[in-house]
Amino acid sequence: MDLQTLDIFLAVAEERSVTRAAERLGRVQSNVTTRIQQLEEQLGTALFLREGRRMELTAAGETLSGYAERLLALAEEARQAVAPDHPTGRLRVGAMESTALARLPQPLVQLHADWPDLSLELRTAPSRQLVEQVLAHQLDAAFVAWPPPDMDAEALTHSLACVPVFTETLLLALPASHPPVKAPQDVQVATLAAFTRGCTYRQVGEDWLRRGLRKPPQVRELASYPAILAGVAAGHCAGVVPQSVLEQLRSPPALQWVPLQTCTTMLITRQGYATPALQALKEALTASPGALRVA
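Reading the values: the criteria
- Residues numbered from 1 in each chain as written.
- Predicted model: local features only at pLDDT ≥ 70, side-chain atom pairs only at ≥ 80, totals over all residues.
- Heavy atoms only, no water.
- Salt bridge = Lys/Arg side-chain N within 4 Å of Asp/Glu carboxyl O.
- Helix = DSSP H or I, 4+ residues; strand = E, 2+ residues; numbered from the N terminus.
- Core = buried A, V, L, I, M, F, W, Y, C linked by side-chain atoms within 4.5 Å.
- Buried < 20%, exposed > 50% of the residue type's maximum accessible area, 1.4 Å probe, protein only.
- Contact = heavy atoms within 4.5 Å.
- Patch = residues over 30% accessible without salt bridge, like charges linked within 9 Å, V, L, I, M, F, W, Y side chains within 5 Å.
- Areas by Shrake-Rupley, 256 points an atom, 1.4 Å probe, with all protein chains shown as cover.
- Arc of directions from axis to C-beta.
- Polar contact = N/O pair within 3.5 Å; in protein donor to acceptor, adjacent residues only side chain to side chain.
- Pairing = 2+ DSSP bridges.
- Axes fitted to C-alpha atoms, helices over the stretch in contact; angles between N-to-C directions.
- 1 Å grid on protein atoms, 1.4 Å probe; cavity = no way out; pocket = protein on both sides within 12 Å on 5 of 7 lines; lining within 4 Å.
- Points joined across faces, edges and corners; volume = space filled by probe spheres on them.
- Nonpolar A, V, L, I, M, F, W, Y, C, P; charged D, E, K, R; others polar.

Sorry if this is basic, but what is going on with the pattern of salt bridges here?
Note that side chains of opposite charge can pair when their charged atoms are close. Inspection of the entire model under this criterion finds 16 salt bridges. Measuring nitrogen to oxygen at the nearest pair gives 3.7 Å for the salt bridge that ties glutamate 56 to arginine 16. One end of the pair, glutamate 56, is in strand 2 (residues 54-57); the other, arginine 16, is in the loop between helix 1 (3-15) and helix 2 (18-25), and 40 residues separate them in sequence. Because the salt bridges share partners, they merge into one network encompassing Glu14, Glu15, Arg20 and Arg24.

Right, dumping it as structure tokens:
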């Protein structure tokens, strides 16, 4: 059960297709099929359910995927550890949609300019899901709004190293025609346009509106800030938007903006995780406008 085979196994698991996994890995399809079959024979169990060309993990496959992710992550960490002065290899970073849009372009450009041999993979998701992916070794580091919803923040600090990197001012967006708002009781819409559950900013908006409505607001789940702002502009809902995102818009919509609170964005990693690539990312962040000093 070598690392290369585990990498192939995870590619098939993620793509749910031998054909797409082979394209992604730059291998011929027959080679991928053979390696999966050999792995199943070594383990004495089926790892995939074959449904036509679609591949779904069995219970055994789901179990193996967790071990495979941890083994490959540890191997990559070991490769980087033996070359402490030269960040290379792969760094898998997760971020909230707002952070990827407003905060990361400049430091990531600088990181690539300084270390062109470093391969950085960036994925976006809500904060809670990002925390779960770091703990599951699916990501090496992530930018999350703290605390993540429905999680014990104090308990998480035993498993995660958390470094504050940005302070965000959260604004409640309301239709331009909405009467002035000074308190939650002044809000006249009962729907919040927001990302899926697990988003800290969504939780802030729900908690704030609940104080005025005396019940949880309805939530219209949308996939991007332009969609959220369009929903608010249509006049039927509110939305929570970081000021840093608003500042990125060339022509901000004519909406009413109500300051809510500030929120800290943390750079999280697993306790003990330290690689030259991570240190290079921290240095690029420290040099970027608006960032706190990243140790």
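It is not clear to me how the nonpolar core should be interpreted in this structure. Could you clarify?
The tendency in soluble globular proteins is for nonpolar side chains to be buried as a group. Within the largest apolar cluster, 45 residues are counted, with the highest numbers of intra-cluster contacts made by Val144, Leu172, Leu174, Val187, Tyr201, Trp208 and Ile268. In this view, valine 144 contacts Met96, Ser127, Leu130, Val131, Thr264, Thr265, Met266 and Ile268; residues no more than four positions away in its chain are not counted.

Can you walk me through a nonpolar patch on the surface in this structure?
On the surface, a cluster of nonpolar side chains totalling about 280 Å² of accessible area is made up of Leu3, Tyr67 and Leu71. Assignment of secondary structure puts tyrosine 67 in helix 4 (residues 59-81). Overall, tyrosine 67 belongs to the partly exposed group, its relative accessible area being 48%.

Is there a simple way to think about helix 2 in this case?
What sets the pattern is the α-helix's 3.6 residues per turn: residues three or four places apart point alike. Within helix 2, burial applies to Val18, Ala21 and Ala22. Buried residues in helix 2, looked at end-on, bunch into an arc of 100 degrees, giving them a common side. On its buried face, helix 2 is in contact with helix 1, helix 3 (29-43) and strand 2. Its side-chain oxygen 3.2 Å from the backbone nitrogen of threonine 19, serine 17 forms the N-cap of helix 2. Phi turns positive, to about 70 degrees, at glycine 26, one or two residues after helix 2.

I keep staring at the side chain of arginine 92 and nothing clicks. Help me out?
Tracing the backbone through its elements, the reader meets arginine 92 in strand 3 (residues 89-95). Exposure remark for arginine 92: the relative accessible area of 6% places this residue in the buried category. A polar contact is formed between the side chain of arginine 92 and the backbone oxygen of histidine 137, at a distance of 2.8 Å. At 3.2 Å, the side chain of arginine 92 forms a polar contact with the backbone oxygen of glutamine 138.

Help me understand the sheet that holds strand 6 (residues 160-174) in this model?
Strand order in the open sheet made by the eight strands is 4-3-5-10-6-9-7-8, with mixed pairing throughout. Every interior strand has two partners, whereas the edge strands, strand 4 (118-124) and strand 8 (218-221), have only one. The sheet shows a mean angle of 30 degrees between the axes of neighbouring strands, taken without regard to direction. Of the pairings in the sheet, the one linking strand 7 (residues 191-194) to strand 9 (residues 238-242) comprises two bridges and is parallel in character. Looking at the pairing, alanine 193 lines up with glycine 239 of strand 9. Helix 9 (residues 200-213) contacts strand 5 (141-146), strand 6, strand 7, strand 8, strand 9 and strand 10 (256-270) of the sheet and is inclined by roughly 140 degrees relative to strand 10. Here helix 10 (residues 225-233) sits on the sheet in contact with strand 6, strand 7, strand 9 and strand 10, set at roughly 140 degrees to strand 9.

Sorry, what's going on with the pairing of strand 3 here?
Both faces of the sheet carry side chains from a regular strand, because those side chains alternate between them. Judged by how many residues are buried, strand 3 sits mostly within the fold: five of seven residues are covered. Sheet topology places strand 3 next to strand 4; seven bridges connect them, and they run parallel. When the bridges of strand 4 are listed, arginine 90 appears paired with serine 119. Of the strand pairs in this sheet, strand 3 and strand 5 are connected by three bridges, and their pairing is parallel. Along strand 5, the bridge assignment pairs glycine 94 with alanine 142.

Help me out: how do you make sense of empty space enclosed by the protein in this one?
Any empty space left between the atoms is revealed when a probe the size of a water molecule rolls over them. Evaluated as defined, the whole model comprises one cavity of 30 Å³ or more. By volume, the largest cavity amounts to about 50 Å³. The wall of the largest cavity is formed by Ala193, Ala194, Phe195, Cys199, Tyr201, Arg202, Tyr225, Ile228 and Val240. Mapped onto the lining of the largest cavity, the elements with two or more residues apiece are strand 7, helix 9 and helix 10. Class assignment of the residues belonging to the lining of the largest cavity gives a composition of eight nonpolar, no polar and one charged.

In this structure, what is going on with helix 7 (residues 127-135)? I would like to understand it.
Turning to helix 7, its buried residues are Ser127, Arg128, Leu130, Val131, Gln133 and Val134. One or two residues past the end of helix 7 sits histidine 137, with phi positive at roughly 65 degrees.

What is the right way to look at the layout of surface pockets in this model?
There is about 390 Å³ of room inside the largest pocket. When contributions to the lining of the largest pocket are tallied by element, the ones reaching two or more residues are helix 1, helix 2, helix 4, strand 3 and strand 4. Here the element with the most residues in the lining of the largest pocket is helix 1; it accounts for five residues. Here the residues of the lining of the largest pocket are counted per class, giving five nonpolar, one polar and eight charged.

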